[in-house]
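Chains, contacts and geometry: an overview
Chain residues, written in single-letter form:
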Amino acid sequence: MKVTPQDIVYLDNNATTPVAPEVFEAMRPFLTDFWGNPSSAYRFGSQIHAKVEEAREKVASLLGADPKEIFFTSCGTESDNAAIHSAIETTGKKKIVTTAVEHAAIINQCEQLQKKGYEVVFLPVREDGTLDVAEAAKAVDEQTAICSVMWANNETGVLFPVEEIADLCKRRGVLFHTDAVQAVGKIPLCLKENKVDMLSLVGHKLHAPKGVGALYLRRRTRFAPTVIGGHQEKGKRGGTENVASIVGFGRACELAAQRMTEENLRVRALRDRLENEILARIPDVYVNGRRDLRLPNTMNAAFDFVEAEAVLLLLDKANICASSGSACTTGSLDPSHVLKAMGLSAARARGAIRFSFSIYNSDRDVDRVLEVLPGIIRRLREISPLHHGHRDNENYDVESARAKFAQEQAEKAESEITAA
Ligand SMILES: *Cc1c(COP(=O)(O)O)cnc(C)c1O
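Think of each chain on its own: its residues are numbered from 1, step by step along the sequence as written. Given that the model is predicted, a residue must reach a pLDDT of at least 70 before its local features are reported, and side-chain atom pairs must reach 80 or more before they are shown or counted; all residues, however, enter totals for whole chains, interfaces and linings. Hydrogens are left out, water is left out, and the side-chain values use all remaining heavy atoms of the structure.

**Here we look at the site of the ligand**
Applied cut-off: Each residue is tested against the molecule or strand, and it is near if at least one of its non-hydrogen atoms lies within 4 Å. Residues adjacent in sequence count toward polar contacts only when both atoms are side-chain atoms; beyond that, a polar contact is any pair of N or O atoms within 3.5 Å, and within protein one must be able to donate a hydrogen and the other to accept it. Gly counts as polar in this scheme, as do all residues outside two lists: the nonpolar Ala, Val, Leu, Ile, Met, Phe, Trp, Tyr, Cys and Pro, and the charged Asp, Glu, Lys and Arg.
Around the ligand, the surrounding shell holds 13 residues, and the nearest of these are Thr77, Asp179, Gln182, His204 and Lys205. One nitrogen or oxygen atom from the side chain of Thr77 is found 2.6 Å from an oxygen atom belonging to the ligand. Split into classes, the residues belonging to the shell around the ligand amount to four nonpolar, six polar and three charged.

Following this line, the structure appears as structure tokens:
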């Protein structure tokens, strides 16, 4: 049985977004009639080159950058990896400063570099998920090859003081990179006005298709490519251009710029309404991340005495798509590294659900969640021995009972998923 987009309420836009119809229309000619190679000398190919350059201008414009500073890649992960790789190659230095709450694209690359002998500092965050610039100031020094701090966290939506840290790095002569995958298209950015050296973004988080991303590289920043081949992207990224997707990416950036203010207000209002209603209707719920310093589209809340995986399974049965933290860690029983870094107990972190909105959501979607979620939480709490123990006995050891119950509940949910 297939689940179609008509059936679902999609509230997992930080994992991926639907392709905008306007984007698909912009791409269509390059998947049908105009399939030439942009590097070819004859017009049937070279005319395509102009379209790639137009897309580059649109991406640059959304970022407040120069088109010469934009290089297309295949995904956000590639852009992140390329930035770190280039910094250690061009500087020859052995220290990397990043945060404890980055996406797997940065965290796992840095952990691998650690095994190879690099020193990596993972900056801590506060309980509300925010980052103190003073922590970066303590860590960034002349041995540092690069400091990489995400602009907005994908799990909580919390925004980081990226421009201040970029200034600090500039003063100390250290390269600064930001994973802005979640920020681009949701909040206004202007790279002409800050000191960011490199920035990662990806199409599929802003209504372009999967398989295309970009790296912003400030003019005159030295760069050592990872994907080495032809002269495409001025030698910074070999491989024949993913023309249709690049054109779609450009169109998506153009749309994002046009829709940012208007949709920000509406999307933010939807998110706030869902969050406030959940807090009003369901007891023992905690919002993760500082509420007034977040992306407008993201909410993350911990529901005590339930397992997120069980909640998601029941939401899925009601055709509602949400997530527990990052899509990349779904299926693992480990609590989110982001929530752990914020100091949540493992038990509370395992009850955390993320709802992330886009311009294609409406009040009906919020209504639908509010129709089913309170009942789901109530039902799961009714069968939760934790909840009973908690109610009946003050000295009940919630943490250890929870850990045991979490395992059982998740295993049960997993076997149900496998059976379905
Ligand atoms: C989605 C995401 C990525 C990775 O993008 P891919 O296209 O999956 O490679 C990197 N960083 C953040 C913050 C993300 O949300």
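**Some thoughts on a nonpolar patch on the surface**
Just so we agree on the cut-off: Within this analysis, patches are made of residues with over 30% relative accessible area and no salt bridge. Like charges are joined at 9 Å or less; nonpolar side chains (Val, Leu, Ile, Met, Phe, Trp, Tyr) at 5 Å or less. Per-residue and other accessible areas were derived by the Shrake-Rupley procedure at a 1.4 Å probe size, with only the shown protein chains allowed to occlude residues. Between Lys or Arg on one side and Asp or Glu on the other, a salt bridge is scored when a side-chain nitrogen of the former is within 4 Å of a carboxyl oxygen of the latter. Strands here mean DSSP runs of E at least two residues long; helices mean DSSP runs of H or I at least four residues long; both are numbered from the N terminus.
Together, Phe34, Trp35, Tyr42 and Phe44 make up a nonpolar patch on the protein surface, roughly 470 Å² of accessible area in all. Within the secondary structure layout, Tyr42 lies in the loop between helix H1 (21-31) and helix H2 (43-63).

**Structural notes on the sheet that holds strand S2 (residues 70-73)**
Stated formally: Between any two strands, pairing holds if DSSP finds at least two bridges. Fitted lines through C-alpha atoms give the axes, limited to the stretch in contact for helices. The angle between two N-to-C directions lies from 0 to 180 degrees.
Spatially, the seven strands line up as an open sheet ordered S2-S8-S7-S6-S5-S3-S4, and their pairing is mixed. Each edge of the open sheet is held by one strand with a lone partner, namely S2 and strand S4 (119-123). Strand-to-strand, the axes of this sheet are offset by a mean angle of 20°, without reference to chain direction. As defined by bridge partners, strand S3 (residues 95-99) adjoins S4 across five bridges and the pair is classed as parallel. Counted as the bridge partner of Thr99 is Leu123 from S4.

**So, the nonpolar core**
Nonpolar side chains tend toward joint burial in soluble globular proteins. Under the convention used in this document: Only buried Ala, Val, Leu, Ile, Met, Phe, Trp, Tyr and Cys residues count toward a nonpolar core, and they belong to the same one when joined by side-chain atoms within 4.5 Å. Buried, partly exposed and exposed residues are distinguished by accessible area as a fraction of the type maximum, computed with a 1.4 Å probe on protein chains only: under 20%, between the cut-offs, and over 50%, respectively. How far each domain reaches was decided by an automatic or database domain assignment. What makes two residues a contact is simply this: any of their non-hydrogen atoms within 4.5 Å.
One finds Leu63, Phe72, Leu199 and Phe249 to be the most contacted residues of the largest nonpolar core, which totals 70 residues. Top element by residues in this core is helix H7 (residues 243-281). It accounts for 10 residues. Split by domain, this core shows at least three residues from each of two domains, domain 1 (5-15 + 260-419) and domain 2 (21-256). Ignoring sequence-local partners within four residues, the contact set of Phe72 consists of Val52, Ala55, Arg56, Val59, Val212, Gly213, Ala214, Glu233, Arg237, Ile246 and Phe249. One finds Val267, Val285, Val306 and Phe355 within the second-largest nonpolar core, a separate group that totals 33 residues.

**Looking at unusual backbone geometry**
A positive phi angle is found at Arg220, which is not glycine, with a value near 70°. With respect to the helices and strands, the residue Arg220 is situated in the loop between strand S8 (213-217) and H7. At Asn319, a residue that is not glycine, the phi angle is positive and equals roughly 65°. Its location among the elements puts Asn319 in the loop between helix H8 (308-317) and strand S11 (320-321).

**Some remarks on the packing of H1 against H7**
Threshold: For classification, angles of less than 35 degrees are called roughly parallel, those exceeding 145 degrees roughly antiparallel, those between 65 and 115 degrees roughly perpendicular, and all remaining angles oblique. For a crossing to be left-handed, the near helix must be turned anticlockwise from the far one by less than a right angle; the clockwise case is right-handed.
The contact between H1 and H7 brings their axes to 8 Å, and the two run at 160°. The angle between H1 and H7 places the two elements in the roughly antiparallel class. As for how H1 packs across H7, the hand of that crossing is right-handed. Residues Glu22, Val23, Ala26, Met27, Phe30 and Leu31 of H1 lie in contact with H7, whose contacting residues are Val243, Ala244, Ser245, Val247, Gly248, Arg251, Ala252, Leu255 and Arg259. The class makeup of the residues in the contact of H1 with H7 is 10 nonpolar, two polar and three charged.

**Concerning the domain arrangement of the protein chain**
Rule in force here: The term buried area means the drop in 1.4 Å probe accessible area that two parts suffer when joined, counted for both and summed.
Here the protein chain is partitioned into domain 1 (5-15 + 260-419) and domain 2 (21-256). The C-alpha centroid of domain 2 is placed 30 Å from the C-alpha centroid of domain 1. Facing 27 residues of domain 1, the contacting portion of domain 2 comprises 32 residues. Roughly 2400 Å² is buried in total at the junction of domain 1 and domain 2, and carbon and sulfur atoms are behind 59% of that figure.

**Examining the pattern of salt bridges**
Evaluation of the coordinates by the stated rule reveals 25 salt bridges. Put simply, Glu22 and Arg259 hold a salt bridge, and the shortest N to O gap is 2.9 Å. Linking Glu22 in helix H1 with Arg259 in helix H7, this pair joins segments that are 237 residues apart in sequence. The partner of Arg237 in a salt bridge is Glu78, with the nearest N and O atoms 2.8 Å apart. A residue pair is termed long-range when its members are at least 10 positions apart, and Arg237 in the loop between S8 and H7 and Glu78 in helix H3 (residues 76-91) qualify at 159 residues. A single salt-bridge network, built from bridges that share partners, covers Glu53, Arg56 and Glu233.

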